[in-house]
4 protein chains.
Amino acid sequence: SSPGPQEPITGPSLHGLLQELGQVQHSRQRAAKLFEWLIAPISPQQFFEQSWEKKPLLIQRHNPGYYQGLFSTATFDAILRDNDVQFGVNLDVTSYVDGTRETHNPAGRALPAVVWDFYRNGCSLRMLNPQAFSTTVWHFLSILQEQFGSMAGANTYLTPAGTQGFAPHYDDIEAFVIQLEGKKHWRVYGPRNDTEVLPQFSSCNFAQEVIGEPILETILEAGDLLYFPRGFIHQGDCLPDAHSLHITVSSYQRNSWGDLLEKLLPAALQMAIEEDVEYRQGLPIDYLEYMGVLNSDVVDSRRGAFIERVQNLIKKLVDYAPIDAAVDQKAKLFLHDCLPPMLTEHERALSIHGVPARWEDGDVRDADIPIKKGTQVRLLRQGIIRLCNEGNGVLLYYTTENSRVYHKEEPKYLEIDPEFTDGIEFLLSSYPKYVCVETLPCDALDDKISLATFLFEKGLLITKKPLVPI
Amino acid sequence: SSPGPQEPITGPSLHGLLQELGQVQHSRQRAAKLFEWLIAPISPQQFFEQSWEKKPLLIQRHNPGYYQGLFSTATFDAILRDNDVQFGVNLDVTSYVDGTRETHNPAGRALPAVVWDFYRNGCSLRMLNPQAFSTTVWHFLSILQEQFGSMAGANTYLTPAGTQGFAPHYDDIEAFVIQLEGKKHWRVYGPRNDTEVLPQFSSCNFAQEVIGEPILETILEAGDLLYFPRGFIHQGDCLPDAHSLHITVSSYQRNSWGDLLEKLLPAALQMAIEEDVEYRQGLPIDYLEYMGVLNSDVVDSRRGAFIERVQNLIKKLVDYAPIDAAVDQKAKLFLHDCLPPMLTEHERALSIHGVPARWEDGDVRDADIPIKKGTQVRLLRQGIIRLCNEGNGVLLYYTTENSRVYHKEEPKYLEIDPEFTDGIEFLLSSYPKYVCVETLPCDALDDKISLATFLFEKGLLITKKPLVPI
Amino acid sequence: SSPGPQEPITGPSLHGLLQELGQVQHSRQRAAKLFEWLIAPISPQQFFEQSWEKKPLLIQRHNPGYYQGLFSTATFDAILRDNDVQFGVNLDVTSYVDGTRETHNPAGRALPAVVWDFYRNGCSLRMLNPQAFSTTVWHFLSILQEQFGSMAGANTYLTPAGTQGFAPHYDDIEAFVIQLEGKKHWRVYGPRNDTEVLPQFSSCNFAQEVIGEPILETILEAGDLLYFPRGFIHQGDCLPDAHSLHITVSSYQRNSWGDLLEKLLPAALQMAIEEDVEYRQGLPIDYLEYMGVLNSDVVDSRRGAFIERVQNLIKKLVDYAPIDAAVDQKAKLFLHDCLPPMLTEHERALSIHGVPARWEDGDVRDADIPIKKGTQVRLLRQGIIRLCNEGNGVLLYYTTENSRVYHKEEPKYLEIDPEFTDGIEFLLSSYPKYVCVETLPCDALDDKISLATFLFEKGLLITKKPLVPI
Amino acid sequence: SSPGPQEPITGPSLHGLLQELGQVQHSRQRAAKLFEWLIAPISPQQFFEQSWEKKPLLIQRHNPGYYQGLFSTATFDAILRDNDVQFGVNLDVTSYVDGTRETHNPAGRALPAVVWDFYRNGCSLRMLNPQAFSTTVWHFLSILQEQFGSMAGANTYLTPAGTQGFAPHYDDIEAFVIQLEGKKHWRVYGPRNDTEVLPQFSSCNFAQEVIGEPILETILEAGDLLYFPRGFIHQGDCLPDAHSLHITVSSYQRNSWGDLLEKLLPAALQMAIEEDVEYRQGLPIDYLEYMGVLNSDVVDSRRGAFIERVQNLIKKLVDYAPIDAAVDQKAKLFLHDCLPPMLTEHERALSIHGVPARWEDGDVRDADIPIKKGTQVRLLRQGIIRLCNEGNGVLLYYTTENSRVYHKEEPKYLEIDPEFTDGIEFLLSSYPKYVCVETLPCDALDDKISLATFLFEKGLLITKKPLVPI
């Protein structure tokens, strides 16, 4: 299914693509199209059926410019110059020589002259969370995260020619290795056994002798993509003739059915105990005599009855499992992980950021926010809010005030008057259609305008037309 | 099934009974016999079938001396005199007048003159955990706890004539009200609704108007017993002509199937995640769109599939549920809750306490612990130890160094060399039979003697004959 | 000494002044000159003799442009637009109406449209630490802090015409109110009593009736300055015809002799105890009988002797007081409080920031840091480092990696090999003269170059000429 | 001044002495007499002038029975049998062989058979705080603590013949080694240098080669006393022919002038800052330039002025030093350290413990506390209470509810209505005289009776005659 070795696979430039995506109304479709471009010419359907969480996928495009504009060593150099990049926090200096993996981070700010000195001496440079410094990476990931419903993160890796920066290991995330500059020799190995298939946690560094033979070996060139699921061991090293720069986009850390059950089971049990007396009945007064690990081989009919009772109670938990509420707990965590949305110029103009309120000529000008019954509004993006019932109230979690630095801000939420819940649900279900403020399902017109103004002021709502013609 | 109103129900005196129980070899049978006496003439079988966790049971014995010797106001007076009883910690001074429940505890030690002054002024006196001060109550409960496999606790209540000390409420424990002196008018009410049947937690104080009509109303006299399950509302008040002293024996706090599942489910899930890749597979990338409380009414076939998958994973937990290990966790908590065993003179003589090692005439005498291959040994009681696997080791939890004050000591355990596990299991399964040290399943004779000596020195083992003839 | 009412007092523009100051070699002189401009035409000598910590000083310049460029409402508007300004953290919305002071901060980011809506409704806007957002304010304060040897902070206050935003109160800092736009009616009141002269802590809000009559009442116009010491109560309100914008520059919070003694006394006592047995001798065995508050009126000759002994020991502390070490503790705190230095273009070119190491055409270029024995170097500023002995080592505290946000970073320090101490002292005492690397008092030439390179890489040293001619 | 070698020094037996002391009215005199007996035939005056905190004192009495009854190995054996003595908490098993000091504590309760086994194998047994188990030691120390005005503690040491249990070291307390049984070879060495004279903290274990030659070497026999001050290195070992039992009574831990100043100086400085503007004035703006360790050798007239100013402020602290309040802080700590008083039978009869309130024949009897205006009362002991001003209230600290286990209880205090302060002071100053309740300086008779009853109920007051004739 892959094209001949010499035919380049082409596509829109990243810049053009992002422009184009700005026209896509639905943020979820925008994410899908971006992902399509990322893995083209493989279709998403094919990818999710054949590769995702199953096996590595290599896409060789013979088109070094395919990912151009996403990130470059020149950008990295500029970031060092203009930002407070800290060793050990934002940047790791590493080496892997003769089977020994070392980290060489000094303390404090990573200034270009010092960083480049390490590089010249054969060290690899891993920038953590480049989205905090690069607007393009931020833009890219903030769109993509809606495709996965799970945090999309990234690191960049710059490796000098003829060196390797990391030991073989596997990660706890789905990895998309995007080759940006130069080339790199990659070897990917299958999970070593069943329990390392789709593992919960990353591995330690492995010695070469314990990882077997690679199931995939290739030289990744600029414009190529290499995907592999969590649990697949991998290592990459530079050929003597070229440095390498790649960015690894990651997702699906702790996003399994088991992770959902970790939220769900305690709630299900609590609910079962409250609602079903069978869970509140006392244990048999003699159970300690025949149950317990030391009794596990004892033949005693009471054991069978006890075990059956426990198993029935476990199975009956399905009747009490608040699955949707547990999903909302997961959603809440995801919203905290999310990058804040990056607004296009057009979106800014239609949002609170576009309201022309300003100081001019010694006074405030145009400070009105003239949302009226006829104003047409919609949510800025679908994935930026989530309503959760908590305790006795309703909380609206949102991403617009998140930081580009991971978890630098606490989860952001607003307490919502329960009577506004319907209005917010209506906005969610209408998206991406614009709706008239007067159609919001609130009691009075005043409430409709209040709700719309409240969400607009928080940057969550945009209007169809600029509020104030400029 | 209850005798005529005027025929007294008789039985051995408590003193005689405890003597007698000292001859019972098996501590579990000892507990059963004590419980039989407690609820006679109802048989334990009948009790557990008809009353336990189901409904109140009243036993009127017309025999004021039945429980004599367990506790008395004179004992209470002596305790105040001789012990550091602290208001608010060991003793509560309460009143319930005109629907208002008050606590009158001053700070500091409860000296008799001050306590009796409160009593004279109409206050009730609740002594918490009298087993910490009364050897008889300790003895009584330390035997009884093996009957329940759950902590047996107690409070005593002394109420002046014509008063009431507590508002109507229900508790979270099975209650055995043992009338010791005087008499008390009791009213018991059924649970108010299904969710208050066998409740997890005690109630607040209720107003009279919300509890309905009593299902049982009686005057309890000395020698009588009133049992009611957790969740049954109750109140007792003194008639104008007599004070009342009773002791309430309690058990089965947080000892339900649900409490076991609280230990079991996290372990089951962790094991399932580790062993079964289905729990580690990623959630659908789009699940946040159709799941969540706001989507719970949405018709979407993906919802059905999602819910079915979750339900299957819940049900499949039964394959991974380490039931016996969870029971051991419960057992461990129980052993921490347990009163230390109270040794009879005979038991002392056969235990480490009976070894005649002593200082005499300016030197140590008889310090040998001559446990030999032919020495016959057994555990002091069945319920005083429990082997638990934890982390990578085996821990032997034990009760002999617990305090009579609830949880004053941390859980006590000894790390056991895994090669000794079989020997300890052998001792557990042989109980109450004595076994020769040489029959212990250890590799070498030295090990057999080491193990026996180790357990003997910790007070867990007794010998059939005194080690040193006296 | 103040000029006639209509003659404007002129001076260099702020922009020109900052340019000029860039030519001043010694950072301490630079600070002095900036301060001179701030309070011109009053001389610093006169100011410190007559006003500082003593009484208010009003400078009316009839020159609205005097402070132009420092900050403006337009700048404030731009800051709101471009930065994540948070209500309650960076911006307070306040009002003072009919004697009631209120704060109106919502949660989250302060977007211009919302902020200006508050302003239109009569609220005052206090921006905290504008130096975190405004490069000019940062530049201004980072120079000025060396004048005071104590943190120089700032807030800006924007007040609508005809309103007042704050109740009368006094602060715990020396305040320089710099009127930037519009005008404001100010009333200043003397301390109410001796204990409120130069107070340690700020006051609560006062009611008008408890503050007496103002000792100074004026209308501050753009270009004017009003100084008053801590403890002087003050309030400002806008006339009906003009809004007001001022910035208050503050210093000398917790910078008194008492604050130094708080560091000094525990160290002095510890040293005295270690070195002088008189402090280790036991108290008289009977001292509790005649000393203590209840005995303070008792006539007992032992009291006199006891008190005399204590007083002598207090006085003798002067022999053990490590004054210089305590000053270093204060200095360390000051360096943590400091703004990082703002480098001029020229300074950047001579510092690590000017080293041309970069990524270009696919490789690292000019990564050498060619500091040689003949390279002439000096510290970037005098006030950016401080050597402190701590425990068994020598720590070099420095300000260049501080944040513009107060205490966002932990105190920054480097452990120094004691053999480098002389070299650093030499650089400190040579400042602002450039010295040859080979003249550094280190053992070997290698050490000299190491030390210079180390400090240069940390941004603390600059070279006389650019290291690499560009 | 010491008697001839063969003439025994006699005195009352401990039992007789304690009886006798029960007749001494003033608890302070009681303490003095007990101390006199402890060190007889040396007089306290001579002791405090020549030995206390100065040098060792050896008293050889040739009277093995002198201290009989205080403690014995038989008592120790009984304590092990009857009490929950815990290894590592109440008992240490130690050895010192070939220059190596080891601790051999197992976990858990120290049962006699196990303890004696250690002893037989040459280990020393140190019982910590025997006063928690031995009523006589408690009685002894509870009297003695009033002599020192500082906690009187104790350990006992039982050493097998021919062994040594501890390495040479010095302690941080004044030590009175009381030989009870057998004999021990002691060597005492002077402090090694000035800074180890009366040290604040105990030393590590010393090697033999660093401690020099003993200044005192002797064989202590039963009935002998050896005193040495803190800082004096010591070691004791048993001769081959006899075991040794001694008790070391200790006092004056952290009770020096320096310890008082640690309480006093922060309070003095805070007061000075509040009352004297000289402490609140700002530091010179340029002080960081010429002060600091690096400037300490710089010649600069500003340094002299600065130092002089600091020194004057230190000296002036004497004007603000709240010496009596600091003493009360020390007193408060001492009261927390104190053992609770041990009451004689006679004292019990006159205290709240003697009130005949009791339960008898089914009712409360004699519950009145008939304190009337004519009742004659006094404090139980002088040293059991202390009034302290704290915050805005007056607190009465007291020792009667302390535990015999060190700091097992929190400091005990009662909030006192300020109007009762005079009454309590009156009781303190009248002690040991009995005073009529009506002479208490309270406003109304009711208040007088209230105060007396309140203190009586807390066990702090006794009456001259039993309240109720028995």
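Anything mentioned here points back to the structure above.
Being a predicted model, the structure only gives us computed values, none of them experimental.

Trainee: Explain the interface of chain C and chain D to me, please; I cannot follow it from the model alone.
Mentor: One widely used convention gives an interface's size as the accessible area the parts lose upon coming together. Contact with chain C, which involves 73 residues of that partner, is made by 73 residues of chain D. Taking both sides of the interface into account, the surface hidden between chain C and chain D amounts to around 6400 Å²; carbon and sulfur atoms contribute 67%. Area buried by chain C at its contact with chain D is led by Trp 257, Arg 280 and Ile 285 of chain C, which between them contribute 14% of it. Run the count over chain C and chain D and you get four salt bridges. With its nearest N and O atoms 2.2 Å apart, the salt bridge here joins Glu 289 of chain D to Arg 28 of chain C. Linking chain C to chain D there are 40 residue pairs in polar contact (both at pLDDT 80 or more). Top element by residues in the side of chain C that touches chain D is helix α7 (residues 257-275) of chain C. It accounts for eleven residues. Here the side of chain C that touches chain D is composed, by residue class, of 39 nonpolar, 16 polar and 18 charged.

Trainee: Could you clarify how one ought to interpret the relation of the copies chain B and chain D in this entry?
Mentor: Two copies of one chain are present, and they are related through a rotation about an axis combined with an axial shift. For the pair chain B and chain D, the best superposition has an RMSD of 0.1 Å and corresponds to a rotation of 180° with a translation of 0.1 Å parallel to the axis. Within this description, the copies of the chain are treated as partners about a two-fold rotation axis. In terms of C-alpha distance to the rotation axis, chain B has Lys 408 of chain B as its closest residue, with the C-alpha 6.3 Å off the axis. A share of 97% of the interface residues of chain B reappears at the interface of chain D, consistent with the copies meeting face to face through the same patch.

Trainee: What is the right way to read the relation of the copies chain C and chain D from this model?
Mentor: Placing chain C over chain D gives an RMSD of 0.1 Å and needs a rotation angle of 180°, together with 0.1 Å of translation along the axis. Most of the interface of chain C is mirrored in chain D, where 100% of its interface residues are also at the interface.

Trainee: When you look at the packing of aromatic side chains in this model, what are you seeing that I'm missing?
Mentor: In this description, an aromatic ring pair is defined by two values, namely the gap between the centres and the angle between the planes. Counted by the stated rule, this structure contains 120 aromatic pairs over all chains. Taking 4.8 Å as the distance between ring centres and 45° as the angle between the ring planes, the aromatic pair formed by Phe 306 of chain A and Trp 257 of chain B counts as tilted. With Phe 306 of chain A in helix α10 (residues 301-316) and Trp 257 of chain B in helix α7 (residues 257-275), this pair bridges two chains. Across this residue pair, the class does not change: Phe 306 of chain A and Trp 257 of chain B are buried. Taken together, the ring pairs in this structure connect Phe 35, Phe 47, Phe 48, Trp 52, Phe 148, Phe 176, Tyr 227 and Tyr 252 of chain A into an aromatic cluster. In this structure, Arg 61 of chain A packs its charged tip against the face of Tyr 66 of chain A, placed 3.9 Å from the ring centre.

Trainee: Can you help me understand the arrangement of the chains in this one?
Mentor: Here chain B and chain C are not in contact; the least distance found between their C-alpha atoms is 26 Å. A gap remains between chain A and chain D, which never touch, and the nearest two C-alpha atoms on either side lie 26 Å apart.

Trainee: Where do I start with the pairing of strand β5 (residues 153-159) of chain A in this structure?
Mentor: Where a strand is regular, its side chains alternate between the two sheet faces. All names here are of chain A. Among the seven residues that make up β5, seven are buried, leaving the element largely enclosed by the rest of the structure. Looking at chain direction, strand β4 (residues 124-128) and β5 are connected through four bridges and run antiparallel. Residue Leu 125 lies in a different strand from β5, and its bridge partner there is Leu 158. In terms of strand pairing, β5 meets strand β10 (residues 244-251) through seven bridges, oriented antiparallel. Among the inter-strand pairings, Gly 153 is bridged to a residue of β10, identified as Ser 250.

Trainee: Can you walk me through the pairing of strand β10 (residues 244-251) of chain B in this structure?
Mentor: Residue and element names in this part refer to chain B. A large share of β10 lies buried, amounting to eight of its eight residues. Burial along β10 is two-sided: Ser 244, His 246, Thr 248 and Ser 250 facing one way and Leu 245, Ile 247, Val 249 and Ser 251 facing the other are all buried. Judged from the eight bridges that link them, strand β6 (residues 174-189) and β10 form a sheet pairing that is antiparallel. When the bridges of β10 are listed, Val 177 appears paired with Thr 248.

Trainee: I would appreciate a short explanation of the sheet that holds strand β17 (residues 435-436) of chain B in the present structure.
Mentor: What holds strands together in a sheet is hydrogen bonding between their backbones, with the strands either parallel or antiparallel. Residue and element names in this part refer to chain B. Pairing is antiparallel in the open sheet, where three strands are placed in the order β17-β13-β18. With one partner strand each, in any of the chains shown, β17 and β18 (461-463) form the two edges of the open sheet. Sheet analysis places strand β13 (residues 376-379) next to β17, joined by two bridges and oriented antiparallel. Bridging from a neighbouring strand, Val 377 pairs with Val 435 of β17.

Cut-offs and rules
- Residues numbered from 1 in each chain as written.
- Chains lettered and ligands numbered in written order.
- Predicted model: local features only at pLDDT ≥ 70, side-chain atom pairs only at ≥ 80, totals over all residues.
- Heavy atoms only, no water.
- Contact = heavy atoms within 4.5 Å.
- Buried area = accessible area lost by both parts, 1.4 Å probe.
- Salt bridge = Lys/Arg side-chain N within 4 Å of Asp/Glu carboxyl O.
- Polar contact = N/O pair within 3.5 Å; in protein donor to acceptor, adjacent residues only side chain to side chain.
- Helix = DSSP H or I, 4+ residues; strand = E, 2+ residues; numbered from the N terminus.
- Nonpolar A, V, L, I, M, F, W, Y, C, P; charged D, E, K, R; others polar.
- Least-squares fit on C-alpha atoms with pLDDT ≥ 70 in both.
- Phe/Tyr/Trp six-rings, centres within 6.5 Å; stacked < 30°, edge-to-face > 60°.
- Buried < 20%, exposed > 50% of the residue type's maximum accessible area, 1.4 Å probe, protein only.
- Lys NZ or Arg CZ within 6 Å of the ring centre and 35° of its normal.
- Pairing = 2+ DSSP bridges.

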